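# Structural overview
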Amino acid sequence: MSGDLERPRRRTLTGGWSLWRCEAGTYEDPGDLERAVAECALVATPGTVPCTVASALRDAGVVDLDDPADWVRLAALDHEEHWFRCSFDWQESDTRSVELVFEGLATCATVWLNGEALLESDNMFRRYVCEVGDRLSPQNELVIRFGPLDPLLSKRRPRARWRTRLVAERGLRFVRTTLFGRISSWCPPVVPVGPWGEIALEVRDASSLVLAVARHWSEVEGSNGVVHFSGELSLSTEQGSPQVEAACFLEVDGTSFPLEQVEAGEGRVMLSGQGVLEEIECWWPHTHLPQGERPRRYDVAIRCEMAGQVSRVALGSVGFRSIERDVGERFALRVNGESIFCRGTCWTPLDPLALRSHPDELRRALEAARDAGMNMIRVTGTVVYEMDEFYSLCDELGILVWQDFMFATFDYPIDDEAFRASIEQEVDQFLSRVAGRACVAVLCGNSEGQQQPAMLGLDRSIWESAFFDRWLPERCAALRPDIPYWVSTPSGGDLPFHTREGTAHYFGVGAYLRPLEDATVAQPTFITECLAFSNPPGVHGADLSPLERVPKDVGTDWNFADTTAYYCSVLFGDAEEGGHDAMADAELRRAAVAGVMESTQARWRDPRSSCPGALVLMHRDPWACAGWGVFDSEGRPKSALYGLARAWSPVAVMLFDDGLNGLRVVVCNDPATPLVCELEVELLRYDGTVVDRVAVPVELAGHASFDRSVDRLLGGFVDSSYAYRFGPRGFDLCVARLRVEGLSSEEASEAIHLPLSAGLRPREPIGLSAEWADEEDAILEVTTEVFAQTVSIEIEGGVAQDNFFHLAPGRTRRIRVRPHGREPLGGGTLGALNAERSSVVDAPLDGRSRPRGRTAR
């Protein structure tokens, strides 16, 4: 036997697949299918697995996603039958075992290998493993039939204790499939059908040591880091006994720790043990690290010494961190003992048809989230468990994950033995898959499993669940004791949807059209969904996305475009519709959502707030629309994201109107490093006249904040909030600016308080201009003579690092422009709500001569 230690070899069955669609019940088995193909009764579509039927048809050019009729046809996939077939060769003989692994089959699937039935699947979230070593031949045929859900949905079942309004097909509570594509109010009506997870052969060679099972997780004990490991070593056997002995060690950051070995028969040896590193450096969310640093992670491996040979299997890396939540009804998180204001979005699959993403696209999306100041992403119970690469990247980038299990809104039949056994396996598989991930911060039983019955006025006892209230938290504690469990979101308090205790889905500012002050008056605690608006895509011009795709709550006579229009009227008065000018209307809506997002999130981040976290619904539009996403369907940031990014910046300055107490300046310093800066506060008129000014030094420890009234900073009463109104307002704007040692001007933080009463400033010549100040680093210098309200920058082939911001009179901002896509940066446009007209920004000339921008008057 070789002394090499290895993991099972994996051969993915990716290419060579064919897909056929037919009416349900047309063919019974692969033989029937083969005869129909031979008679040319079916037309094949090529496919690459993983995929779904919808993504395969899209990739093959069979459907046009710009054609509404094709969306209708794709919505009928649940009623049809779909066959996938792949041929592969097999020439190996010296193997101990060969397993055929299915990482995800959506949803009712029957599998045949070489004409013999192999598997029946009814849970798209489970991993299925079949031993096939004695079934393989030199040429093999794998066939999968995905049947319609209609027979399951039409079957007579026990009645639910409550009925959800969010999903039309109530029988889905018996089926383990995603609700994504089946909640028509906000996502494409395309149901996922097909092999959406990888299909692979996993091979254990007869002549080698195989680390067949490996699971590790970490925890913090004082200043030490502990890595726990359990696994199974598979040896070749002779008459059932291991032929050789091996010494195995757990390696953490190069330090070795011996593992206990227990023979389990049939050539199996169970491994267990732990490694302790002293004085470790903790893993942190990126917002709480020094600028430019990445979270500290430690490499983990298993080393085996046998017959004078040493071999090693890398297991990836771990981060050491502690995560705790506050005791009692209030939900708040502490990471490594520090309270964290968690901010981010509710995730949506980047590819709404395939439900999986290319690793490069996933990295770009998560890096964009990090750069926007997000330190948490919620994977909601209405989508799917994400790919392994997602959690690995969140570990690397320092992004926490609020993880729902894939249960939402339904009264699930947990008393059904088969259903219960299936979901228990689903839970165990997922928890094992993310066992070593530092990023996973919360495990949540379900989404709206308590809210739905509570809103129907049902008794609290109806909300209770033996699965979610007892079995699931106990299982999470057994497999991931380092992660807090939360039963459902929203939940806590007198009613689960009340906002002062537990977790909240807060839509007071938003769908419920509450005044902006409600974000404070409601005293929301940890918010796992909020600020759902119809966010127009683009920077300039009319919003041409389909109106029928604007999100709409079930049973209402309004949609979320009406919500956005309402807050346009709050901010800009009667001008919100821009008459019949679609371009002006879209520009006002973009400005409105940017302003509301920034001001509301800033209120919640205020250290005086009761809110320890807020996650926006949602991350990315699942199709081209003015949807809830803060990124559009192509991954470009919308105006909403820019407002959020300013409020979420790790080092930020904010201004608050405290009524009779005047304006207040808050400086937040989330990183661990001290902040040494100068805080400048100015009271200005629109034309740049300085009414008052002060500059004070500020020194903050890491993870600390600064809080002062403007009156105190300026040395006396100035009626900074114009609450007392003793005569005309003495100034128009209050500007707070941080000048930070070690930060360039484009990275400096600035806040401008424009009174709500200012409304929409009249269009006039304001002397707004832009020119490329540094072509190599793509930095655009934007200047204005008069106050510029909501400056917007659009550059062809690029994305501005900041956008939709106010610009103080006489002030220059340096804005970095990052490429988006493969095309070089081109020209663009510059505008502001109160500029007489927008202007053209010339394309950079790559250093040959520096073009000057033109003025937006």
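Residue numbers here run from 1 along each chain, matching the order of that chain's written sequence. Per-residue local features are limited, in this predicted model, to residues with pLDDT of at least 70; the limit for side-chain atom pairs, both in listing and counting, is 80 or more; totals at the level of whole chains, interfaces and linings are taken over all residues. Think of the side-chain values as coming from all heavy atoms in the structure, minus any hydrogens and water.

### So, the overall build of the protein chain
Applicable threshold: Secondary structure elements follow DSSP: runs of H or I of four or more residues count as helices, runs of E of two or more count as strands, with numbering from the N terminus. Within these notes, the globule rule equals 2.2 Å times the number of residues to the 0.38 power, and the radius of gyration is based on C-alpha atoms. For every residue, the accessible area (1.4 Å probe, protein chains only) is compared with the maximum for its type, and the residue is labelled buried under 20%, exposed over 50%, or partly exposed between those bounds.
If you tally the helices and strands in the protein chain, you get 15 helices and 48 strands. Over its C-alpha trace the protein chain gives a radius of gyration of 29 Å, about what one expects of a compact globule, namely 29 Å for 857 residues. By its C-alpha atoms, the protein chain is 95 × 70 × 65 Å across when sized along the principal axes. Counting only residues that meet the buried cut, the protein chain has 57% of its 857 residues in that class.

### Some details on helix α13 (residues 582–605)
Convention followed: One fewer than the residue count of a helix, multiplied by 1.5 Å, yields its expected span.
Its 24 residues give α13 an end-to-end C-alpha distance of 34 Å, which sits within 8% of 34 Å, the value for a rise of 1.5 Å per residue. α13 sits mainly inside the fold: 18 of its 24 residues count as buried.

### Structural notes on the nonpolar core
Nonpolar side chains tend toward joint burial in soluble globular proteins. For the record, the criterion: Put simply, a nonpolar core is a bunch of buried Ala, Val, Leu, Ile, Met, Phe, Trp, Tyr and Cys residues held in one set by side-chain atoms that sit within 4.5 Å of each other. Pairs of residues are marked as contacts when any of their non-hydrogen atoms sit within 4.5 Å.
In terms of nonpolar packing, the biggest core is built from 152 residues, with Leu366, Phe390, Phe405 and Trp604 touching the most fellow members. Sorting elements by how many residues they give to this core places α13 first, with eight residues. Setting aside anything within four residues of it in sequence, one finds Phe405 in contact with Gly381, Tyr385, Val427, Phe430, Leu431, Leu443, Cys444, Gly445, Leu472 and Cys476. Counting residues in hydrophobic clusters, the runner-up holds 42 residues, among them Cys86, Leu113, Leu118 and Cys625.

### A short note on the side chain of Asn446
Rule in force here: Whenever a nitrogen or oxygen atom comes within 3.5 Å of another N or O atom, the pair is scored as a polar contact, on the condition that within protein one atom can donate a hydrogen and the other can accept it, and that pairs from neighbouring residues in sequence are kept only if both atoms are in side chains.
Following the sequence through the fold, Asn446 ends up in the loop between β28 (440–444) and α8 (451–455). On the basis of relative accessibility, which here comes to 5%, the residue Asn446 falls in the buried class. At 2.8 Å, the side chain of Asn446 and the backbone nitrogen of Gly449 are in polar contact.

### Digging into the sheet that holds strand β46 (residues 828–832)
We count it as follows: By definition, two strands form a pair when at least two bridges between them are found by DSSP. All axes here are fitted lines through C-alpha atoms, helices being fitted over the stretch that makes contact, and every angle between N-to-C directions spans 0 to 180 degrees.
The strand order across the open sheet built from four strands is β44-β42-β46-β47, with neighbouring strands paired in antiparallel fashion. One side of each edge strand has no neighbouring strand; the edge strands of this open sheet are β44 (805–807) and β47 (839–841). Here the average twist between neighbouring strands, direction ignored, is 40 degrees. Taken together, the five bridges between strand β42 (residues 788–795) and β46 define a ladder with antiparallel strand orientation. Its bridge partner being in β46, Val791 is matched across the sheet by Ala832.

### Things to note about the pairing of strand β18 (residues 260–265)
Remark: a regular strand shows side chains that alternate across the two faces of the sheet. Looking at chain direction, β18 and strand β19 (residues 268–277) are connected through five bridges and run antiparallel. Bridge pairing in β19 links Val262 to Met270. Two successive antiparallel strands, β18 and β19, enclose a turn made up of two residues, where Glu266 displays a positive phi of approximately 55 degrees.

### What to know about the sheet that holds strand β7 (residues 109–113)
Strand pairing within a sheet occurs via backbone hydrogen bonds; the two strands may be parallel or antiparallel. As summarised here, the arrangement of the six strands in space is β4-β3-β5-β10-β7-β8, forming an open sheet in which the pairing is antiparallel. Edge positions in the sheet fall to β4 (45–47) and β8 (116–121), since each has one partner strand and no second. Put simply, the sheet's adjacent strands are angled 25 degrees from each other on average, direction ignored. As paired elements, strand β3 (residues 17–23) and β4 share three bridges and run antiparallel to each other. Looking at the pairing, Ser18 lines up with Pro46 of β4.

### What to know about the pattern of salt bridges
How we decide: Each salt bridge in this description consists of a side-chain nitrogen of Lys or Arg and a carboxyl oxygen of Asp or Glu lying within 4 Å of one another.
Inspection of every chain in the model, using the stated rule, returns 65 salt bridges. One salt bridge in this structure joins Glu80 and Arg21, with 2.9 Å as the shortest N-O distance. Here Arg21 lies in strand β3 and Glu80 lies in strand β5 (residues 80–89), a separation of 59 residues in the sequence. Owing to a relative accessible area of 32%, Arg21 belongs among the partly exposed residues under this scheme. Salt-bridge contacts for Glu367 lead to Arg363; the nearest nitrogen and oxygen are separated by 3.4 Å. In this pair, Glu367 and Arg363 both sit in helix α5 (residues 359–371), four residues apart, roughly one turn of the helix. Residue class for Arg363 comes out partly exposed when judged on its relative accessible area of 30%. Taken together, the shared-partner salt bridges connect Glu678, Glu680, Glu682, Arg693, Arg737, Arg739, Glu750 and Arg811 into one network.

### A word on the side chain of His753
For His753, the position within the fold is in strand β39 (residues 750–753). Contact partners of His753, with chain neighbours within four places excluded, come to Leu655, Asp657, Leu663, Asp732, Leu733 and Cys734.

### Considerations on the packing of aromatic side chains
To keep it simple, the criterion reads: When two rings of Phe, Tyr or Trp (its six-membered ring) have centres within 6.5 Å they constitute a pair, described as stacked for plane angles under 30 degrees, edge-to-face for angles over 60, and tilted for the intermediate range. Cation placement over rings: the criterion is NZ of Lys or CZ of Arg within 6 Å of the ring centroid and within 35° of the ring normal.
Per the stated rule, a full pass over the model turns up 32 aromatic pairs. Seen in terms of ring centroids, Phe407 and Phe468 are 5.3 Å apart; in terms of plane orientation they differ by 80 degrees. Their pairing is edge-to-face. Highlighted residues: Phe407 in the loop between β27 (400–404) and α7 (417–433) and Phe468 in helix α10 (residues 466–479), separated in sequence by 61 residues. In terms of burial, Phe407 and Phe468 fall into one category: buried. Ring geometry for Tyr686 versus Phe787: centroids 5.8 Å apart, planes at 35 degrees, classification tilted. With a gap of 101 residues between them, Tyr686 in the loop between β35 (675–684) and β36 (690–700) and Phe787 in the loop between β41 (779–783) and β42 connect regions that are remote in the sequence. Residue classification places Tyr686 among the buried residues on the basis of a relative accessible area of 16%. By relative accessible area, Phe787 is classed as buried at 1%. Each residue in the set Phe125, Trp347, Tyr385, Phe390, Tyr391, Phe405 and Phe430 is aromatic and connected to the rest through ring pairs, giving one cluster. Here the basic side chain of Arg296 rests over the ring of Tyr298, its NZ or CZ set 3.8 Å away from the ring centre. Here the basic side chain of Arg549 rests over the ring of Trp623, its NZ or CZ set 4.3 Å away from the ring centre.

### Let's talk about the environment of Thr829
With respect to the helices and strands, Thr829 occurs in strand β46. Note on Thr829: relative accessible area 24%, which makes it partly exposed. Between the C-alpha atom of Thr829 and that of Glu796, which follows or precedes it by 33 residues, the distance is 8.9 Å. Excluding its chain neighbours within four sequence positions, the residues that come into contact with Thr829 are His540, Ser792, Ile793, Glu794, Ser839 and Val841. Within the structure, the side chain of Thr829 is placed 2.4 Å from the side chain of His540, a separation counted as a polar contact.

### Some details on the environment of Tyr385
Note on placement: Tyr385 falls in the loop between β26 (376–379) and α6 (388–397). The spacing of Tyr385 and Glu426 is 41 residues in sequence and 10 Å in space, taken between C-alpha atoms. Once you skip the residues sitting within four places of it in the chain, Tyr385 turns out to touch Phe125, Trp196, Tyr391, Gln403, Asp404, Phe405, Met406, Glu426, Phe430 and Arg433. Among the polar contacts listed, one links the side chain of Tyr385 to the backbone nitrogen of Met406, at a separation of 3.2 Å. A polar contact of 2.8 Å, which involves the side chain of Tyr385, links it to the side chain of Glu426.

These figures capture arrangement, not role.
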